[in-house]
Amino acid sequence: MASRLTKLAGVAAVLAAFPMVANAAGDSVTDLKARIKDLNQRYQQQNTEIQEMRTRLRELEVNLQNIRGRGEPASNAYAQSVQQEKGVPAGNATAQTNEAASHPAPQAQTAAASDAGEQPSGTVGKQPERSQSAQAVYEQAQGTVFSQKFTLEPSFTYSRFDRRQITLSGFLALDAIFLGSIAVQEAKADVYQFDLTGRWGVTPRLQLYMDIPYLYRYTNYFSGGAGGAAPALSEAGVHGGPNLGDISIGGYYQLWQETASRPDLVANVALKVPTGTDPYGIKIVQPDPNNNNMRVPQELPTGNGVFSLFAGLSVLKTVDPVILFANAGVYHNFQRSFDDISTTEGTTTPGDVDLGNSFQWGAGMALALNGKMAMTFSYSQLISQAARTRVEGGDWQKIVGSDANSSQFNLGLTYALSDHETMITSLGIGLSPDAPDFQINVKFPYTF
């Protein structure tokens, strides 16, 4: 009986304590729900703040890059504010800013998208970067790439010329019969040129370059009238080089970057130094004693013998997937004195030479076929004034037939071999008598 009373007392105690346990459990659940709700609200608030800070950080980076692109010095306080937005300690702000400046990225598209309001809240609106082939075409169309890197560009060019000329010395009798001599001459020329060009990006908007050419020229001359017989031909071959050509030193400066409403604009200035063999004082000889119709030079030059200054502008606009480009420039050839300008054997005549100026322009388009390959189509024209010579104490004399108009249509193919190296090929087709019949060029720019 006593044991039963003891068990009943224990059960009663448990039942009496159950409401207290239930109340405590209910209080714990309510408290946990309240804490979860509070943490949820704090998480949402922090997430919103993080997105706003990311947007602000991107705007500061774009502004900093634009300031550096204009060549304006950014203050230390401004640079530190950008680094603090990234969570970088103030003591490392200068080092981090310099590191960012040494690896600039194109900002024209990002800035344009931001200005147009295309950037949604909490995200960064950025257009996709150009493919490797499109970037290579972009650099070739501008003539340069604006990055603080060094590019070494070996290239090879082969040009073919084929000229025929008929010279009549006499008069027509009764408007039908020609009385006099007829000289038929033909020249076939091959020019092989190897260039080594180095490009160094001093700043994100300024690049310097040097081009060192090496040439070999060979020309075959044909003339009728050998031995007094009109059908008989004489042949003579003349070569020039292999020898150093005229070295060019110059630079590119980006006046402004491409945006949604305006193209890239780049200025180019170059000085050509007469390091090749000049054509003045080279004697004209008669290689075949039985044919006085044929007159050929003793050798062929590899340079023009004078200093030349070039100044030009190029524009480029991306209309995805096409890149449009155009350029124009002027060559000014400086007058220069030489110890001998005569072409007569056994005669030395000092004098001055003025080659005249030249105007060049071109335009074209490029189409990216895929990530590694692109095609280009362009037209170029070079118009040269007539040259003049002056012996000591005499007047200027124009060289008849020395003016020229060379126009050419170009087809190109660009292929990206690797992340650092590209192969660029082009075929030029002559459209005027002064242009090469055709010209083949291959380049292998390598960026370190």
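Structure first, text after, so check above.
Source: prediction; values computed, not measured. (Residues numbered from 1 in each chain as written. Predicted model: local features only at pLDDT ≥ 70, side-chain atom pairs only at ≥ 80, totals over all residues. Heavy atoms only, no water.)

Visitor: Any chance you could explain the sheet that holds strand 15 (residues 388-391) here in plain terms?
Guide: Working definition: the strands of a sheet are paired by backbone hydrogen bonds and lie parallel or antiparallel to each other. Taken in spatial order, the 4 strands of this open sheet run 11-12-15-16, and their pairing is antiparallel. Of all strands in the sheet, those with a lone pairing partner are strand 11 (336-338) and strand 16 (397-398), marking the two edges. Across 3 bridges, strand 11 lies against strand 12 (residues 351-354) in antiparallel orientation. Considered in strand 12, the bridge of Arg336 is made with Val353. (Pairing = 2+ DSSP bridges. Helix = DSSP H or I, 4+ residues; strand = E, 2+ residues; numbered from the N terminus.)

Visitor: Mind showing me how you'd approach the packing of aromatic side chains here?
Guide: Think of a pair of aromatic rings as described by two things: how far the centres are apart, and how the planes are tilted against each other in angle. Under the criterion given, the structure shown has 9 aromatic pairs. Within the aromatic cluster, the residues linked to one another by ring pairs are Tyr158, Tyr192, Tyr216 and Phe438. Of note, Arg199 hangs over the ring of Tyr209, and the distance from its end group to the ring centre comes to 5.8 Å. It is Arg388 that lies over the ring of Trp396; its NZ or CZ is 4.5 Å from the centre. (Phe/Tyr/Trp six-rings, centres within 6.5 Å; stacked < 30°, edge-to-face > 60°. Lys NZ or Arg CZ within 6 Å of the ring centre and 35° of its normal.)

Visitor: Explain the nonpolar core here, please?
Guide: Note that soluble globular proteins tend to have their nonpolar side chains buried in a common cluster. In this structure, Tyr221, Ala236, Val238, Val285, Met294, Val296 and Leu300 together form the largest nonpolar core, which totals 7 residues. Excluding anything up to four places from it in sequence, Tyr221 contacts Glu186, Ala187, Ser234, Glu235, Ala236, Val238, Met294, Val296, Pro297 and Leu300. (Core = buried A, V, L, I, M, F, W, Y, C linked by side-chain atoms within 4.5 Å. Buried < 20%, exposed > 50% of the residue type's maximum accessible area, 1.4 Å probe, protein only. Contact = heavy atoms within 4.5 Å.)

Visitor: Any chance you could explain the side chain of Ser248 here in plain terms?
Guide: Tracing the chain through its elements places Ser248 in strand 5 (residues 247-256). Its relative accessible area of 13% is what places Ser248 among the buried residues. Look past the residues within four positions of Ser248 in its chain and what remains in contact with it is Tyr209, Met210, Asp211, Leu271 and Lys272.

Visitor: Is there a simple way to explain the pattern of salt bridges in this structure?
Guide: Once the charged atoms of two side chains with opposite charge are near each other, the side chains can pair. Applying the stated criterion to the full structure yields 8 salt bridges. Ionic pairing is found between Asp437 and Arg163, a salt bridge with its closest N-O pair at 3.3 Å. Here Asp437, found in the loop between strand 18 (422-430) and strand 19 (438-443), pairs with Arg163, found in strand 1 (residues 150-173); they are 274 residues apart in sequence, far enough to count as distant. On the accessibility criterion, Asp437 (33% relative accessible area) is partly exposed. Given a relative accessible area of 27%, Arg163 falls into the partly exposed group. Across the pair Arg388 and Asp354 runs a salt bridge, and its minimum N-O distance is 2.9 Å. Taken as a pair, Arg388 in strand 15 and Asp354 in strand 12 lie far apart in primary sequence, 34 residues in all. In this structure Arg388 comes out as partly exposed when scored by relative accessible area, which is 30%. (Salt bridge = Lys/Arg side-chain N within 4 Å of Asp/Glu carboxyl O.)

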